Amino acid sequence: MSATAVRPAAAGAKPLRVRRKAGAGLGLVAWLTGIVFFLPIAWMALTSLHSESDAATNPPSFAASLTLDGYREFFGAGGGASPWPALANSAVASIASTLFVLVLALPAAYALSIRPVKRWTDVLFFFLSTKMLPVVAGLLPIYLFAKNTDMLDNIWLLVILYTSMNLPIAVWMMQSFLAEVPVAIIEAARVDGARLPTILVRVVAPIALPGIAATSLICFIFSWNELLFARVLTGVVAETAPVFLTGFITSQGLFLAKVCAASLVISLPVLAAGFAAQDKLVQGLSLGAVK
């Protein structure tokens, strides 16, 4: 083999090494970023396993003895209130509102993407503009409405509110997802006699499933974490998990370990849902980014 035949391979070896080094560098940055985001959760978990006196030390004592007293107090072992009704209320409000959002957002996104209406960009901007109003600005009118209709401390009032709050962002997200659905498949289904509900359920939904999963997860997280409306509009019957969590914060005494234990338990459903749907979430959020 002549020397000239080896030169092209040697010339291409350096860019390959450079690409490998660049990939390793990006991987290191990704790991460091993940560790930075994970550290607060790890700190919260460690603090929840300490006694109140050890959790309140400054600087914190990493070698302190571990205990489950914070979790026992959260679940009412010390005679406190049980968290299960609040957790159940959060589950009902989050799951029900997410289902209602999907039922309403899918046809709207279909009309704005696959079968676009006139001036559909203005419609999308209107949906997004509803999120620009500060939440506290609408708190008093909603409170007066709930009071006059006897819906205070009612979990279904939160379901309606969470549905209306998450619907604009859901329509905006799903419109971009449904825009990637091939129109030829929908036309073929229409030629075969399929009506709009059948097309949405059996044709559009399976193709846009990653985007629907990503939208559902984001709406679920927003509903689960909402505090302001739940704090003002609920009392004892419809109290949600974030409102229950704020009850551990007092003006006197030590409560850091118990609050960390409660925060970790209340965060578990969201973390579990994100872990279970992580593949669909990544596919949905990247849908349409690369063609």
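Residues numbered from 1 in each chain as written. Predicted model: local features only at pLDDT ≥ 70, side-chain atom pairs only at ≥ 80, totals over all residues. Heavy atoms only, no water.

**Q** Provide a residue-level description of the overall build of the protein, including the pertinent values.
**A** Of the regular secondary structure elements, the protein holds 14 helices and zero strands. Secondary structure of the protein in N-to-C order comes out as α-α-α-α-α-α-α-α-α-α-α-α-α-α. Long-range contacts, defined here as pairs at least 24 residues apart, represent 75% of the contacts in the protein between residues at least 6 apart. By element, 70% of the accessible surface of the protein is carried by carbon and sulfur atoms, the whole surface being about 17,400 Å². (Helix = DSSP H or I, 4+ residues; strand = E, 2+ residues; numbered from the N terminus. Contact = heavy atoms within 4.5 Å. Areas by Shrake-Rupley, 256 points an atom, 1.4 Å probe, with all protein chains shown as cover.)

**Q** Break down the nonpolar core for me, citing the residues and quoting the values.
**A** The nonpolar side chains of a soluble globular protein tend to be buried, and buried together. Of all hydrophobic cores here, the largest spans 28 residues; its most connected members are Tyr-110, Leu-178 and Ile-186. Elements with a minimum of two residues in this core: helix H4 (84-113), helix H5 (120-129), helix H7 (155-178), helix H8 (183-191), helix H9 (196-207) and helix H10 (209-225). Residues Tyr-71, Phe-220, Cys-260 and Leu-264 belong to the second largest nonpolar core, which totals 19 residues. (Core = buried A, V, L, I, M, F, W, Y, C linked by side-chain atoms within 4.5 Å. Buried < 20%, exposed > 50% of the residue type's maximum accessible area, 1.4 Å probe, protein only.)

**Q** Outline unusual backbone geometry, supporting the account with residue identities and numerical values.
**A** Phi at Asp-150 is positive, roughly 60°, even though this residue is not glycine. Judged by its relative accessible area of 68%, Asp-150 is exposed. With a phi angle near 60°, Asp-153 is a residue other than glycine that sits in the positive phi range. For Asp-153, the position within the fold is in the loop between helix H6 (139-148) and H7.

**Q** Explain the packing of H4 against H7 residue by residue, including any values.
**A** The N-to-C vectors of H4 and H7 enclose an angle of 35°; their axes lie 6 Å apart at closest approach. Crossing of H4 against H7: the hand is right-handed. (Axes fitted to C-alpha atoms, helices over the stretch in contact; angles between N-to-C directions. Left-handed = near helix turned anticlockwise from the far one by under 90°.)

**Q** I'd love a proper account of the environment of Ala-214, names of residues and values included.
**A** As for its placement among the helices and strands, Ala-214 is situated in helix H10. Classification of Ala-214 as buried rests on a relative accessible area of 0%. Expressed as a C-alpha distance, the spacing of Ala-214 and Ala-170, which sit 44 residues apart in the sequence, is 9.6 Å.

**Q** Residues and numbers for the packing of aromatic side chains, please.
**A** Describing an aromatic ring pair means giving the distance of the ring centres and the angle of the ring planes. Going through the model one piece at a time under the given rule, you end up with six aromatic pairs. Within the aromatic cluster, the residues linked to one another by ring pairs are Phe-74, Phe-75, Trp-84, Phe-244 and Phe-248. (Phe/Tyr/Trp six-rings, centres within 6.5 Å; stacked < 30°, edge-to-face > 60°.)

**Q** Explain the pattern of salt bridges to me, using residue names and the numbers behind them.
**A** Here the structure, examined in full by the defined rule, presents three salt bridges. A salt bridge links Glu-73 to Lys-258; its shortest N-O distance comes to 3.4 Å. Residue Glu-73 is found in helix H3 (residues 69-74), and its partner Lys-258 is found in helix H13 (residues 256-276); the two are separated by 185 residues along the sequence. A relative accessible area of 35% places Glu-73 in the partly exposed class. (Salt bridge = Lys/Arg side-chain N within 4 Å of Asp/Glu carboxyl O.)

**Q** Can you break down the environment of Leu-104 residue by residue, with the values?
**A** Structurally, Leu-104 can be placed in helix H4. A relative accessible area of 47% places Leu-104 in the partly exposed class. Residues Leu-104 and Ala-170, spaced 66 residues apart in sequence, show a C-alpha to C-alpha distance of 9.3 Å. In this structure Leu-104 touches Thr-163 and Leu-167, once residues within four positions along its chain are discounted.

**Q** Give a description of the packing of H9 against H10 that names residues and reports values.
**A** Two elements in contact, H9 and H10, have axes whose closest approach is 4 Å; the angle formed by their N-to-C orientations is 80°. The angle between H9 and H10 falls in the class roughly perpendicular. Here Ala-205, Pro-206 and Ile-207 of H9 lie close against H10, whose contacting residues are Leu-209, Pro-210 and Ile-212. Counted by class, the contact of H9 with H10 contains six nonpolar, no polar and no charged residues. (Parallel < 35°, antiparallel > 145°, perpendicular 65-115°, else oblique. Nonpolar A, V, L, I, M, F, W, Y, C, P; charged D, E, K, R; others polar.)

**Q** Please provide a residue-by-residue account of the side chain of Thr-47, values included.
**A** Within the secondary structure layout, Thr-47 lies in helix H1 (residues 3-48). Within the structure, the side chain of Thr-47 is placed 2.8 Å from the backbone oxygen of Trp-43, a separation counted as a polar contact. Those residues in contact with Thr-47, other than ones at most four positions away along the chain, are Ala-55, Leu-256, Ala-257 and Cys-260. (Polar contact = N/O pair within 3.5 Å; in protein donor to acceptor, adjacent residues only side chain to side chain.)

**Q** If you had to explain a nonpolar patch on the surface to someone new, which residues and values would you point to?
**A** Where nonpolar side chains cluster on the molecular surface, the patch consists of Leu-28, Leu-32, Ile-35 and Leu-39 and spans about 390 Å² of accessible area. Summarising the element assignment, Leu-28 is placed in helix H1. For Leu-28, a relative accessible area of 52% translates into the label exposed. (Patch = residues over 30% accessible without salt bridge, like charges linked within 9 Å, V, L, I, M, F, W, Y side chains within 5 Å.)

**Q** If you had to explain the environment of Phe-255 to someone new, which residues and values would you point to?
**A** Position of Phe-255 among the secondary structure elements: in the loop between helix H12 (241-246) and H13. According to the relative accessible area criterion, Phe-255 is partly exposed, its value standing at 23%. Sequence spacing of Phe-255 and Ala-56 is 199 residues, and the spatial spacing of their C-alpha atoms is 8.6 Å. If we ignore the near neighbours within four places in the chain, the residues touching Phe-255 are Glu-52, Phe-248, Ile-249 and Thr-250.

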